[in-house]
Amino acid sequence: MEQTPPDPERQLQPAPLEPLGCPDAGLGAAVGKEAAGAGEEDSGVDTMTHNNFWLKKIEISVSEAEKRTGRNAMNMQETYTAYLIETRSVEHTDGQSVLTDSLWRRYSEFELLRNYLLVYYPHIVVPPLPEKRAEFVWHKLSADNMDPDFVERRRIGLENFLLRIASHPILCRDKIFYLFLTQEGNWKETVNETGFQLKADSRLKALNATFRVKNPDKRFTDLKHYSDELQSVISHLLRVRARVADRLYGVYKVHGNYGRVFSEWSAIEKEMGDGLQSAGHHMDVYASSIDDILEDEEHYADQLKEYLFYAEALRAVCRKHELMQYDLEMAAQDLASKKQQCEELATGTVRTFSLKGMTTKLFGQETPEQREARIKVLEEQINEGEQQLKSKNLEGREFVKNAWADIERFKEQKNRDLKEALISYAVMQISMCKKGIQVWTNAKECFSKM
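Just so we're clear, the structure is a prediction, and the values are computed from it rather than from any experiment.

Student: Please clarify how helix α9 (residues 218-266) should be interpreted in this entry.
Tutor: Given 3.6 residues to a turn, an α-helix orients residues that are three or four positions apart in the same direction. For α9, with 49 residues, the first-to-last C-alpha span of 72 Å sits near the 72 Å given by 1.5 Å per residue. If you check the start of α9, you find a side-chain oxygen 2.9 Å away from the backbone N of R219, and it comes from D217.

Student: Even after reading the chapter, I still don't get the nonpolar core, so can you show me in this structure?
Tutor: Grouped burial of nonpolar side chains is what soluble globular proteins tend to show. Ranked by internal contacts, the top residues of the largest apolar core, which has 31 residues, are L113 and L162. Counting residues per element, the ones that place at least two in this core are β1 (58-71), β2 (77-89), α3 (107-120), α4 (148-166), α5 (175-182) and α6 (187-193). For this core, the leading source of residues is α3, giving 7 residues. The contact partners of L113, leaving out residues within four places of it in the chain, are F161, L162, I165, I176, F177, F180 and W187. Counting residues in hydrophobic clusters, the runner-up holds 23 residues, among them I234, Y310, V400 and W404.

Student: Just checking my understanding: could you explain the packing of α4 against α5 for this structure?
Tutor: Relative placement of two packed helices is described by the angle separating their axes and the distance separating the axes. Orientation of α4 relative to α5, taken along the N-to-C sense of each, is 140 degrees, at an axis distance of 11 Å. Of the possible angle classes, the one that applies to α4 and α5 is oblique. α5 is crossed by α4, and the crossing has left-handed handedness. Together, L162, I165 and A166 of α4 and F177, F180 and L181 of α5 make up the contact between the two elements. A breakdown of the residues in the contact of α4 with α5 according to their chemical character gives 6 nonpolar, no polar and no charged.

Student: Sorry, what's going on with empty space enclosed by the protein here?
Tutor: Using a probe with the size of a water molecule, rolled over the atoms, empty space left in the structure can be pinpointed. For the coordinates displayed, the defined rule picks out 1 cavity of 30 Å³ or more. Estimated volume of the largest cavity: approximately 40 Å³. Secondary structure elements with two or more residues in the lining of the largest cavity: α9 and α11 (290-347). Taken together, the residues of the lining of the largest cavity break down into 3 nonpolar, 2 polar and 3 charged.

Student: Looking at this model, I keep getting lost on the side chain of E306. Mind explaining?
Tutor: With respect to the helices and strands, E306 occurs in helix α11. Excluding residues within four positions of it along the chain, E306 makes contact with P128, N160 and R164.

Student: Looking at this model, I keep getting lost on the layout of surface pockets. Mind explaining?
Tutor: Volume-wise, the second largest pocket comes out at about 640 Å³. When residues of the lining of the second largest pocket are traced back to their parent elements, those giving at least two are α4, α11 and α13 (368-448). A per-element tally of the lining of the second largest pocket places α4 first, with 11 residues. The class makeup of the residues in the lining of the second largest pocket is 10 nonpolar, 4 polar and 15 charged.

Student: Explain the sheet that holds β2 here, please?
Tutor: Adjacent strands of a sheet form backbone hydrogen bonds with each other and so pair up, either parallel or antiparallel. Within the open sheet, the 3 strands sit side by side as β1-β2-β3. Their pairing is antiparallel. For this open sheet the edge positions go to β1 and β3 (100-106), each flanked by a neighbour on one side alone. Sheet twist, expressed as the mean angle between neighbouring strand axes with direction ignored, is 20 degrees. By the bridge criterion, 7 bridges tie β2 to β3 in an arrangement that is antiparallel. Bridge pairing in β3 places A82 opposite R106. α4 rests against β1 and β2 of the sheet, and its axis sits at about 135 degrees to β1. Relative to the sheet, α5 contacts β1, β2 and β3, its axis offset from that of β3 by approximately 100 degrees.

Student: Help me understand the environment of K188, please; the structure alone is not making it clear to me.
Tutor: Mapped onto the elements of the fold, K188 is located in helix α6. K188 sits in the partly exposed class, given a relative accessible area of 39%. Taking the C-alpha atoms as reference points, K188 and I176, 12 residues apart in sequence, are found 9.7 Å from one another.

Student: Before we go on, may I ask you to explain the packing of aromatic side chains in this structure?
Tutor: Two aromatic rings, taken as a pair, are described by how far apart their centres are and by the angle between their planes. Inspection of the entire model under this criterion finds 14 aromatic pairs. A connected cluster of aromatic rings, assembled from ring pairs, spans F110, F161, F180 and W187. The residue whose ring lies beneath R68 is W104, and the NZ or CZ to ring-centre distance is 4.6 Å.

Student: So what exactly am I meant to see when it comes to helix α10 (residues 273-288) here?
Tutor: Its 16 residues place the ends of α10 23 Å apart at the C-alpha level, agreeing with the 22 Å of an ideal helix rising 1.5 Å per residue. For α10, every residue scored as buried is listed here: G273, G275, L276, A279, G280, M283, Y286 and A287. Across the axial projection of α10, the buried residues extend over an arc of 160 degrees, all falling on one side. Those residues of α10 hidden inside the fold are in contact with α9, α11 and α13.

Rules and cut-offs
Residues numbered from 1 in each chain as written. Predicted model: local features only at pLDDT ≥ 70, side-chain atom pairs only at ≥ 80, totals over all residues. Heavy atoms only, no water. Helix = DSSP H or I, 4+ residues; strand = E, 2+ residues; numbered from the N terminus. Expected span 1.5 Å × (residues − 1). Polar contact = N/O pair within 3.5 Å; in protein donor to acceptor, adjacent residues only side chain to side chain. Core = buried A, V, L, I, M, F, W, Y, C linked by side-chain atoms within 4.5 Å. Buried < 20%, exposed > 50% of the residue type's maximum accessible area, 1.4 Å probe, protein only. Contact = heavy atoms within 4.5 Å. Axes fitted to C-alpha atoms, helices over the stretch in contact; angles between N-to-C directions. Parallel < 35°, antiparallel > 145°, perpendicular 65-115°, else oblique. Left-handed = near helix turned anticlockwise from the far one by under 90°. Nonpolar A, V, L, I, M, F, W, Y, C, P; charged D, E, K, R; others polar. 1 Å grid on protein atoms, 1.4 Å probe; cavity = no way out; pocket = protein on both sides within 12 Å on 5 of 7 lines; lining within 4 Å. Points joined across faces, edges and corners; volume = space filled by probe spheres on them. Pairing = 2+ DSSP bridges. Phe/Tyr/Trp six-rings, centres within 6.5 Å; stacked < 30°, edge-to-face > 60°. Lys NZ or Arg CZ within 6 Å of the ring centre and 35° of its normal. Arc of directions from axis to C-beta.

Written out as structure tokens, the structure reads:
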């Protein structure tokens, strides 16, 4: 009796997950937990380090940025920025100094590292890189990617990128990441030898799966919509902040005109001269303070931008799930088709129109031997298809379980980080307003003494 092929949507639904522990219980605990099961996992192309505890023993920093000139792959001269990565041992025995390693990396090498992680860890929300060129800038801020202030902010962003990976319970154990921090020469060759480019899913294939998948997982569909909305609201927030910065800069600088006018006025007054001169000085200080204020604001803007780019990392996980779901549905459809063909050959009935059926009517029936041979081939293909479908089901379940666990970890991180950033931004605005009140209070005292 023919069995109905399993429902791909039902097969991809994982068993209820156990409540997730707090992802911030400590890097040591997380790494230790992962290390305990490392011996049971197949690392495939040996992407895991044998020493799973090295991150507990070192500190990572991107300490310097340096402008350099060299030749690219096309043998053309180019100017680029290199970043000094330092790893310092935090554990040392008596009589031994703390060991420090350092090497230089270009931004493109950071990109290569992240592309590799995206391919080998498709179920993980891989931390994003800082922007390559400045976006959402107010008019006095340079958009030049070689501008010293922008390079400094990107240096901080690259350090944060490495620390995000180092604090992740799975990514921190990757061998390529470890070599990125410790092996300056031939690192690119080592990455390319993993063959990760061949494993990467094409954009066309991913787009095809998005539109053709029949039974998408509602949780991942909702997550995809959430990532789109998150990107939209943060983009709007950054645009509003840039407009406010423009206007605030103008308001503060206009106060410099108060200082100039009070200073000119003090020159023609005898009794009021000193008070006007002092008030003018306070206005000049107030006007010049906006440069440092807005520079500090960029730090909070960069924190928002990180989660703007995290939205794309969430979509990458959703796209991978859609691809797996689509492959599963195609495998189930192919298996059902082969079972139907086998049944039709065995019973001699054709339930659907087919070219083979038309050929049979035109040129006569197959011999029993030919039919038996075809049935045997189909049975072998059905057995192979059932094994393939079972494998895809298990792979899909494992992906969903691991992906959702990492998404929950990411959500807790996001809520904590954005809450802290918004509170700090509000505190900074309150401090700025208090300084403005103090300036006018000082000016009032100056006027009172005239």
